[in-house]
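# Architecture and fold: a report
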Amino acid sequence: MSDDLNQNPEQIARDKIDEMLRQAGWVVQSKSTIDLSAGKGVALRETNTVSGSADYMLFVDRKPVGVIEAKKEEEGHRLLMVEEQSVRYAKELIKIGAFTLDNEKPFVYESTGTVTRFTDYRDPKPRGRTVFSFHKPETIAGWLKKGKSLRERLLSIPLLDETGLRPAQIVAINNLETSFKNNRPKALIQMATGAGKTFTAATFIYRLLKHADAKRVLFLVDTKNLGEQAEQEFMTFQPTDDNRKFTELYNVQRLSSSYIASDSQVCISTIQRLYAILKGEELDESAELDNPNESSWMQKRMKTNTPVPVEYTEKVPIEQFDFIVIDEAHRSIYNLWKQVLDYFDAFLIGLTATPDKRTFGFFNENVVSQYTYEESVTDGVNVPYDVYTIETEISQNGETVKAGWFVDRRDKLTRKKRWQQEDEDTAYKRNDLDKKVVNPSQIRNIIKEYKKALRTTIYPNRLDENGDYEVPKTLVFAKTDSHADDIIKIIREEFNEGNDFCKKVTYKIDEDPKSVLNRFRNSYYPRIAVTVDMIATGTDVKPLEVLLFMRDVKSINYFEQMKGRGTRTINSDSLQLVSKTAKTKTHFVIVDAVGATKSKKTDSRPLERKPTIPMKDLLGAVTMGIADEDLFLSLANRLIRLEKQITEKEKDKLLEFSGGKNLKQITKELITAFDQDAIDEKAQQEIDKIPKVNRTPALEQEAKQKAQEALILEAGKTFNGELNEYLDNVRKQHEQIIDSINLDTVTKSEWETTTVDKAQQIVTDFSDYLEANKDEIKALSIFYNQPYKRRDITFKMIKEVMEKLRLEKPLLAPDYVWDAFSQLEEVKSKQPKDELTALVSLIRRVCGIDSELKAFDKTIDENFKNWMFKQNAGQHNRFTPEQVAWLRMIKDHVISSYHIELDDLDYTPFDAKGGKGKMYQLFGAGMHTIIEELNTELVA
């Protein structure tokens, strides 16, 4: 490339365009050296048309296919104005001497070499768009072979088959496809956690591949965990119009290296890996474990607007993907990472449950579907939650470890303890707990109170056939890895259970976290899982009934995602496979032991949590291949300080993770990467190899650039997941004080006020619903208006009430309404196992037949005893034992069916005992009176 100093702006722009074309695989030629057979694609400069000269005429397979109109960089603002000129050249005949050449030239670009616009004039209502670079000749050849453009093919997508889809999913897919047909480049689907975002995505991706002949779709995530989950969704997805699975029809590739298979039709990747691929670097998988937007180094770069240098990558052209689906699109897509998305010429579709203002802005406010958590609960897609609060004295106010006390101090990394006498007071506040100071009594009191509240208040009806209490599936959110360990030990002790009962689910455990997670999801044990990092987002554990918060969260989005772990619905049979005493999952409970539900939440994480960047974030940024002088020098400075602090034993251990490099060597490499003298010295070695006659300033500059890239690569490749974790842990305060002297006490253990208010609202809604339908539904009409006819209510009638309730008010499930009553009044009776029986019990309470809520089966039992007592009064033992057994069978039948007919005696269980004939033998003509009496008396 020529020296920019000696060129005018037009020539600088042409040189940039030439280079961009070459990178994209075009052979750039002048008319004097024309050879249209020199390559698949030829870009011919200054080609004459009838009305003027096109700056570049594009030929593919020797045929003209497009035009580039070049402008100097200062005229970038005029690119839209020159569209008319460029399309005129595209439509006109090409003049070559006395001859003219005619051909369709639909692919039109306007470019300054810095900004490039592109229009495909085969599109319906052709609309220009900004692209990162030019498309490859092979791509254009493929487009021409297909005939219709992608945007035209989108117009003929057939109507959606709605079988198996929820209403919100149908709306999302239909509106999204309308957005595609309107050529909107970005679209956002807001869908509550648990409402099936990934299933929705699999459905519309299948339709794009099948009906719009899309070449390749990228499913973009920001953590490895989400990528694995998406892969599972595609593997199990089966379209309604084919009996094969998605992965039998299309190739799905989850990227674990920089290799993108040419035959993959769906690629799943983290945004970190995609960035590394565009930089031509490999990425350590440890960089994919955390959401990159959580890094305060990244946040700082956003604040200072330092761009991430993404350059054209020949292996991954801009047209690599037709569509990019961005999962959890409220994170990791702005500022730094936005450039990764800007690189590709693709439609962008965002999926999120919790968008913020930035999310709406990024997607041009094109929200094709909004389906909130509240709507999903109303529709019965998700379950609602209640909040139970546990507070302790030390959790709220902290304590003091006094000078002179003998206490344990524990090494955070090795967990090794040593005993020492404190020489000064150490006061600790609530925020210091489980970081600077661990108070086992504080953890123990929360766990003891949780165990007690479960049995008495939260889920009291969970006794198995042996009378033992079954703990509902519980997920505990812990602050740190050591905090999780402390919680697990205390849970096992307080619940008097073994190792299988409570497990840690985190990336750092020795046991395979996926295996533990699968057991938690699908098996009886563990009953309780404790996590720090792994299943806050994007992991489906449907049988979860309790979330125990022992860490606070300040981000509203993160908190909503954590809550989302409990919202999933599950059918009763599946739930009972892992929780035998659970009937149905009508709601879940947040047990808040740290004030997480009350603490102030922000829309997104602050740009900087502290003036200094945590070392973990510096290490992560270097591992991801970010080459930034500030970053390298900041990290070098930290490592210089660390080298003075750590022990010889720790220095030796570090060599295992660093490939044998000590801290001094690692630090030197970081500094050298941006030391101009070192760069010049390394570059000079390469320059000396070039004959002096061939040396130019451009070549020397190029050698310096390559020298620095080599030094940066050498310094950066030392860092990996294991080394980073070791450096991060070894630099932290080595020890925690274990305060086993200050004992804690529970100060509050109750349903949150809002939960009580909600319970009142549920009871009111249920009562209003019955009142509103009392004239429409036969059973309700009898309960309200004709109580003397209660004897005529049948199982079928109650079933009708239940089905109408499920359809119209899924939130008012009998089990949930029963729990609401339990929070408002003393309910002595255990909840019936049968949902229909619970419904009858609730109807009787609301109608005023019963003054307190009690199980209807118990009411029938009591009424039967009273009736028998009256029968025997004055006629000692009026019935024989055989008659009593028969009467008990009738009573049991009324408990399950609410009513008995004479014909019922011909069916189970009566037929096995002789049926109608036997009853006539036992009771004679009085059998009719007895049946009528029992129908009336038992349901009184």
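Residues numbered from 1 in each chain as written. Predicted model: local features only at pLDDT ≥ 70, side-chain atom pairs only at ≥ 80, totals over all residues. Heavy atoms only, no water.

### Notes on the pattern of salt bridges
Throughout the structure, instances matching the rule amount to 51 salt bridges. Between Glu69 and Lys71 there is a salt bridge, with its nearest N and O atoms 3.9 Å apart. Among the ionic pairs, Arg244 bridges to Asp242, the shortest N-O distance being 2.9 Å. The class of Arg244 is partly exposed, set by a relative accessible area of 38%. Among the residues examined, Asp242 registers a relative accessible area of 16% and is labelled buried. (Salt bridge = Lys/Arg side-chain N within 4 Å of Asp/Glu carboxyl O. Buried < 20%, exposed > 50% of the residue type's maximum accessible area, 1.4 Å probe, protein only.)

### Considering the sheet that holds strand β1 (residues 26–29)
Pairing is mixed across the open sheet formed by seven strands, whose spatial order is β1-β2-β3-β4-β7-β8-β9. Of all strands in the sheet, those with a lone pairing partner are β1 and β9 (129–131), marking the two edges. Strand-to-strand twist across the sheet, computed as the mean angle between neighbouring axes with direction ignored, equals 30°. For strand β4 (residues 63–70) and strand β7 (residues 107–111), the ladder comprises five bridges, and the chain directions are parallel. The residue of β7 that forms the bridge with Ala70 is Ser111. Taken strand by strand, helix α1 (residues 9–23) contacts β1, β2 (41–48), β3 (53–60), β4, β7 and β8 (116–120), and its axis lies near 5° from that of β3. (Pairing = 2+ DSSP bridges. Helix = DSSP H or I, 4+ residues; strand = E, 2+ residues; numbered from the N terminus. Axes fitted to C-alpha atoms, helices over the stretch in contact; angles between N-to-C directions. Contact = heavy atoms within 4.5 Å.)

### Considering empty space enclosed by the protein
Gaps left between atoms show up when a probe the size of a water molecule is rolled over them. For the structure shown, the criterion picks out five cavities of 30 Å³ or more. If you add up the space inside the largest cavity, you get close to 70 Å³. Contributing to the lining of the largest cavity are Phe783, Arg790, Ile793, Ile798, Val840, Arg844, Phe856, Tyr898 and Val939. Tallied by class, residues from the lining of the largest cavity come to seven nonpolar, no polar and two charged. (1 Å grid on protein atoms, 1.4 Å probe; cavity = no way out; pocket = protein on both sides within 12 Å on 5 of 7 lines; lining within 4 Å. Points joined across faces, edges and corners; volume = space filled by probe spheres on them. Nonpolar A, V, L, I, M, F, W, Y, C, P; charged D, E, K, R; others polar.)

### Some remarks on the pairing of strand β14 (residues 323–326)
Here β14 shows two buried faces, one formed by Phe323 and Val325 and the other by Ile324 and Ile326. Examined bridge by bridge, β14 and strand β15 (residues 347–352) share four bridges and lie parallel to one another. Residue pairing in the sheet places Ile326 in a bridge with Gly350 of β15.

### Points about unusual backbone geometry
Omega for the bond connecting Tyr525 with Pro526 falls within 30 degrees of zero, at 0°, which places this linkage in the cis form. Structurally, the position occupied by Pro526 is in the loop between α17 (513–522) and β25 (528–531). In this model, Thr908 is joined to Pro909 through a cis peptide bond whose omega is 0°. Examined against the element boundaries, Pro909 turns out to sit in the loop between α33 (881–897) and α34 (915–923). Phi at Asn183 is positive, roughly 60°, even though this residue is not glycine. By secondary structure assignment, the location of Asn183 is in the loop between α5 (167–181) and β10 (186–191). Phi at Asp213 is positive, roughly 55°, even though this residue is not glycine. As for its position among the elements, Asp213 is in the loop between α6 (197–211) and β11 (217–221). On the accessibility criterion, Asp213 (36% relative accessible area) is partly exposed.

### Quick look at α17
For α17, every residue scored as buried is listed here: Pro513, Val516, Leu517 and Phe520. Looking straight down α17, one finds its buried side chains confined to an arc of 100°; they lie on one side. Tucked into the core, α17 has its buried residues touching β23 (474–477), β24 (502–504) and β25. (Arc of directions from axis to C-beta.)

### Details of the packing of α6 against helix α7 (residues 224–236)
One can describe the packing of α6 onto α7 by two numbers: an axis separation of 10 Å at closest approach and a directional angle of 55°. Between α6 and α7, the crossing angle belongs to the class labelled oblique. Two packed elements cross with a definite hand, and for α6 against α7 that hand is right-handed. Where α6 abuts α7, its residues Thr198, Phe199, Ala202 and Ile205 lie against Ala230, Glu233 and Phe234. For the contact of α6 with α7, a count of residues per class yields five nonpolar, one polar and one charged. (Parallel < 35°, antiparallel > 145°, perpendicular 65-115°, else oblique. Left-handed = near helix turned anticlockwise from the far one by under 90°.)

### Regarding the packing of aromatic side chains
Taken as a whole, this structure holds 36 aromatic pairs when the rule is applied. Consider the rings of Tyr524 and Tyr525, whose centres lie 4.9 Å apart with planes at 90°: the pair is edge-to-face. Judged by its relative accessible area of 24%, Tyr524 falls in the partly exposed class. Through a chain of ring-to-ring contacts, three or more aromatic side chains come together here, namely Phe199, Tyr206, Phe219, Phe234, Phe237, Phe246 and Tyr250. Arg88 extends its terminal NZ or CZ atom over the ring of Tyr89, reaching a point 5.3 Å from the ring centre. One residue, Arg527, lies across the ring of Tyr524, its end atom 4.3 Å from the ring centre. (Phe/Tyr/Trp six-rings, centres within 6.5 Å; stacked < 30°, edge-to-face > 60°. Lys NZ or Arg CZ within 6 Å of the ring centre and 35° of its normal.)

### Describing the packing of helix α28 (residues 778–785) against helix α31 (residues 835–847)
Helices that pack against each other are described as a pair by the angle of their axes relative to one another and the distance between those axes. Running from N to C, α28 and α31 point in directions that differ by 40°, and their axes come no closer than 10 Å. In terms of orientation, α28 and α31 fall into the oblique class. Here α28 runs over α31; the crossing is right-handed. Residues Leu780, Phe783 and Tyr784 of α28 form the contact with α31, whose own contacting residues are Val840, Ile843, Arg844, Val846 and Cys847.

### Thoughts on the environment of Pro137
Structurally, Pro137 is set in helix α3 (residues 137–146). For Pro137 and Lys40, which are 97 residues apart along the polypeptide, the C-alpha to C-alpha distance reads 6.3 Å. In contact with Pro137, other than residues within four places in its own chain, are Ala24, Gly25, Trp26, Lys40, Gly41 and Val60.

### Observations concerning the side chain of Asn742
One can find Asn742 in the loop between β28 (735–738) and β29 (746–751). In terms of polar contacts, Asn742 uses its side chain to reach the backbone carbonyl oxygen of Thr400, at 2.9 Å. A polar atom in the side chain of Asn742 sits 2.9 Å from the side chain of Asp739. Once residues lying within four places of it in the same chain are set aside, the contact partners of Asn742 are Ile394, Glu399, Thr400, Val401, Trp405, Tyr428, Asn439 and Ser441. (Polar contact = N/O pair within 3.5 Å; in protein donor to acceptor, adjacent residues only side chain to side chain.)

### Topic: the sheet that holds β24
Pairing between the strands of a sheet comes from backbone hydrogen bonds, and it takes one of two forms, parallel or antiparallel. Taken in spatial order, the seven strands line up as β24-β25-β23-β26-β27-β17-β29 in an open sheet, and their pairing is mixed. Every other strand in the sheet has two partners, leaving β24 and β29 as the edge strands with one partner each. Averaged over all adjacent pairs, the angle separating strand axes in this sheet is 20°, with direction ignored. Direction of pairing for β23 relative to β25: parallel, over a ladder of four bridges. Among the inter-strand pairings, Thr474 is bridged to a residue of β25, identified as Ile528. Helix-sheet contacts for helix α16 (residues 481–494) involve β23, β24 and β25, and the interaxial angle to β24 is about 170°. Most of the contacts of α17 go to β24, to which it runs at about 145°, and overall it touches β23, β24 and β25.

### Side note on the confidence of the model for the protein
When pLDDT is low, close inspection of the predicted coordinates is not appropriate. Scored by pLDDT, the protein has a mean of 85; 92% of the residues are at 70 or more. This model gives residues 1–5 a pLDDT under 50, and the stretch forms six contacts once residues within four places in sequence are excluded. Low pLDDT (under 50) marks residues 604–611, which in the prediction has 17 contacts with non-local residues, meaning those over four places away or in another chain. (pLDDT = per-residue confidence, 0-100.)

### Let's talk about helix α20 (residues 615–623)
Counting buried positions along α20 gives eight out of nine residues, so the element sits mostly inside the fold. Looking only at α20, the buried set comprises Met615, Asp617, Leu618, Leu619, Gly620, Ala621, Val622 and Thr623. Following α20 by one or two positions, Gly625 has its phi on the positive side, about 90°.

### Notes on the nonpolar core
Across soluble globular proteins, you tend to see nonpolar side chains buried next to one another. Of all hydrophobic cores here, the largest spans 86 residues; its most connected members are Leu21, Ile324, Leu639, Phe719 and Leu727. Excluding residues within four positions of it along the chain, Ile324 makes contact with Leu218, Leu220, Leu341, Phe344, Ala346, Phe347, Leu348 and Ile349. (Core = buried A, V, L, I, M, F, W, Y, C linked by side-chain atoms within 4.5 Å.)

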